[in-house]
Amino acid sequence: MAGQNERSMKALKEVWKRAENSLCADCRKPDPDWASSTLGVFICLSCSGIHRNIPSISKVKSLKMDYWDEAQVQFLAKHGNAVTKAIYEAYIPIYYYQPTYNDCQVLREQWIRAKYERKEFTEPGKQLPYSDGVKEGILWKRGRDNGQFLPRKFLLSEREGCLKYFTKQDAKEPKINVKIDVINATFQPEKIGNPNGLQITYLKDNKTRNIFVYHDSGKEVVDWFNAIRSVQFHYLKVAFPIASDNEIKNRLTRNFLKEGYMEKTGPKQREAFKKRWFTLDHRRLMYFKDPLDAFAKGEVFVGSRENGYSVQKGLPSGTQGNFSWHYGITIVTPDREYLFTCETESDQLEWIRAFTSVINQAMTPQEYASKCLHAGSF
């Protein structure tokens, strides 16, 4: 018996060492140390917890701590991540967001359920709840002034190229009607205080407006998210006919590069520094009094190095404004310097990395146009 166990463990390690199994099959986290004995995939600890919630589909075991019999090892050897992905990920729409280990729980759970439980990607041309160019339903939306979440009817239309929401079910005219190409959507469970919290942003008069929504169903809110991406994809395919699918995919919804509190001072750099919530959305740096404000109090464009932008650690010598945080950052633009302070050195370094990643990228023609329109109100 001991010899058989030893042979099984040796065979298990051989399968585990295959290059295809070096990343989690679901979130691509390196070095997965769990596996599904019924699906034949190697997964990380976090994804194994999601698999455990669908026991009719997946039975998970630790590769280090649990016993694997010979038949289970042979099943893993026959399948593995490459074979199983070829089955369950055969026909993923180009616009569908495939989450990684950095993404929130609801995105990762619905991705796993879509693959293995609902089998959404196993056959071509399957009718999906986010693929037909129109979606209508109720989302709980945070009020701009009172902060109360109330049910609101939302309508997404590929034919009209827009997203609308109505304050009443039977309202004829929408409260907003936003063109699909100026919309972004990103999951914000912590900020919104709901595991299914979604932040929808859009540009109006070249200023960013935030809408905070959620749905009680994780599936429904992720379907909304992918429906927005689907409509955007088809809209951009028409608008940019010579662009490749991957180029268009990269222009769909995006996560913010960095968010958090910093202190800022005014343009004269003699005013007291004030604590504000900052969001870096690619080349837009916005600040808010509260993370859930509908409108930014100010925005500034962050350009590229060849256009005279840079980021420096620390504040200029002789800075006069009073500040309580001591880890400074200076953003240099062709027009002026912007001064910030962070509470910790790790915050300071993370912000500097985020700013540097933007500044090191060459600007596109669209970004040049955006810079000309943009009012740097800080």
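Here is what the cut-offs are and how they apply
Residues numbered from 1 in each chain as written. Predicted model: local features only at pLDDT ≥ 70, side-chain atom pairs only at ≥ 80, totals over all residues. Heavy atoms only, no water. UniProt positions renumbered as here; feature names shortened; annotations may be inferred. Helix = DSSP H or I, 4+ residues; strand = E, 2+ residues; numbered from the N terminus. Buried < 20%, exposed > 50% of the residue type's maximum accessible area, 1.4 Å probe, protein only. Areas by Shrake-Rupley, 256 points an atom, 1.4 Å probe, with all protein chains shown as cover. Lys, Arg positive; Asp, Glu negative; His and termini not counted. Charge placed at Lys NZ, Arg CZ, Asp CG, Glu CD. Pairing = 2+ DSSP bridges. Polar contact = N/O pair within 3.5 Å; in protein donor to acceptor, adjacent residues only side chain to side chain.

Per an unreviewed UniProt entry, the recorded name for the chain is ADAP1 protein, and the organism is Pteruthius melanotis. Annotation of the chain in UniProt includes, under Subcellular location (unreviewed entry), the sentence "Cytoplasm".

Student: Can you tell me about the overall build of the chain, naming the residues and giving the values?
Tutor: Secondary structure assignment for the chain yields 10 helices and 17 strands. Across the 378 residues in the chain, those meeting the buried criterion constitute 49%. When the accessible area of the chain is evaluated, it comes to approximately 18700 Å², of which 49% is carbon and sulfur surface. Of the side-chain charges in the chain, 57 are positive and 45 negative, and the distance between the mean point of each set is 2 Å.

Student: I'd love a proper account of the pairing of strand 11 (residues 258-264), names of residues and values included.
Tutor: Of all seven residues in strand 11, six are buried, a share of seventy percent or more. Relative to strand 12 (residues 274-281), strand 11 is paired through seven bridges, and the arrangement is antiparallel. Pairing of Glu 263 across the sheet is with Lys 275, part of strand 12. Bridging between strand 11 and strand 17 (residues 337-342) involves two bridges; their strand directions are antiparallel. Paired with Lys 264 across the two strands is Phe 340, which belongs to strand 17.

Student: Give a detailed account of the environment of Ser 324, specifying residues and quantitative values.
Tutor: Structurally, Ser 324 is set in the loop between strand 15 (310-313) and strand 16 (327-332). Between the C-alpha atoms of Ser 324 and Glu 343, which are 19 residues apart in sequence, the distance is 8.2 Å. Only 2.5 Å separates the side chain of Ser 324 from the side chain of Glu 263, close enough to count as a polar contact.

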